[in-house]
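Listed below are the residues making up each chain.
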Amino acid sequence: MGFFLSLIKKKRRGETVSKQSEFQKIIEYKFQKEGLLRQALTHSSYANERHMKKHSDNERLEFLGDAVLEVVSSEFLFLNYPEDSEGDLTKLRASLVCEPTLAYCAKEIRLGDFLYLGKGEDINGGRNRKSILSDALEAVIGAVYLDGGFASAKEFILKYVLTDIEHKQLFYDSKTILQEIIQGSSEEALSYKLIGEEGPDHDKRFIVEARLGERTIGRGMGHTKKAAEQEAAYQALLVLKKDEQSCQ
């Protein structure tokens, strides 16, 4: 029995090393202390399920990463947007480090594929849940900071978070931006209509259309009606932006 348990443990260690090596290739950063990466990828549901010791999950690293992200993003905006007021910089920073934006960044590096989740969380779609992805990304930032110092963490943030600023601004507050554009250019009313629901109760997705009068201008899907409306507004903004560019 002991021999077989030993084989199982070796197999699991091998899978862990392979999993972490693949992720390090994607982010182009090699950890000196791979235990930090393992912890950054460990969700509390996995730690609880495996009865791991206290603070084995990524919550403390998330706390640290959040602070590092705020410093780096604040410096970046201060240096690159010299004409913006404090209020404008605060709003812009919020759009870059909010949960939906960080989850989007996490998906770009396939972070969800490498997370250690409890079976229930995994079955219920945890690898695609925005809160889990955004928290894990902050935990990875915290791990990089502890492993390679501030310069390494800053390089990671500049490469994977502080990019495509205009796109992320639209993504952050699409409903407000779309409303302002419509008010200034059309007499028709902007509305959102729930047109369908998909999936089981534990992983339900809502489908919403953004409508200008009776015309559909965008469609979105999300785990909440609010998230679906935001996505529909974002898609509408992309269409409006494309139409504007084609008319120039």
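Everything numeric here is computed off the predicted structure, so don't read it as measured data.

**Considering the pattern of salt bridges**
- If you walk through the whole model with that rule in mind, you get twelve salt bridges.
- With its nearest N and O atoms 2.9 Å apart, the salt bridge here joins Glu75 to Lys154. Here Glu75, found in helix H4 (residues 59-80), pairs with Lys154, found in helix H9 (residues 150-160); they are 79 residues apart in sequence, far enough to count as distant.
- Overall, the relative accessible area of 34% leaves Glu75 in the partly exposed class.
- Using a relative accessible area of 26% as the deciding quantity, one classes Lys154 as partly exposed.
- Close ionic contact of Arg219 with Glu209 constitutes a salt bridge, the shortest N to O distance being 2.7 Å.

**Some remarks on the packing of aromatic side chains**
- Under the criterion given, the structure shown has four aromatic pairs.
- Centroid distance Phe23 to Phe114: 5.3 Å. Interplanar angle 50°. Geometry classified as tilted. Pair noted here: Phe23 is in helix H1 (residues 2-27) and Phe114 is in the loop between helix H6 (99-108) and helix H7 (119-123), with a separation of 91 residues, a long-range link.
- A relative accessible area of 0% means that Phe23 is categorised as buried.
- With 5.0 Å between their ring centres and 55° between their planes, Phe156 and Tyr160 make a pair best called tilted.

Calculation notes
- Residues numbered from 1 in each chain as written.
- Predicted model: local features only at pLDDT ≥ 70, side-chain atom pairs only at ≥ 80, totals over all residues.
- Heavy atoms only, no water.
- Salt bridge = Lys/Arg side-chain N within 4 Å of Asp/Glu carboxyl O.
- Helix = DSSP H or I, 4+ residues; strand = E, 2+ residues; numbered from the N terminus.
- Buried < 20%, exposed > 50% of the residue type's maximum accessible area, 1.4 Å probe, protein only.
- Phe/Tyr/Trp six-rings, centres within 6.5 Å; stacked < 30°, edge-to-face > 60°.

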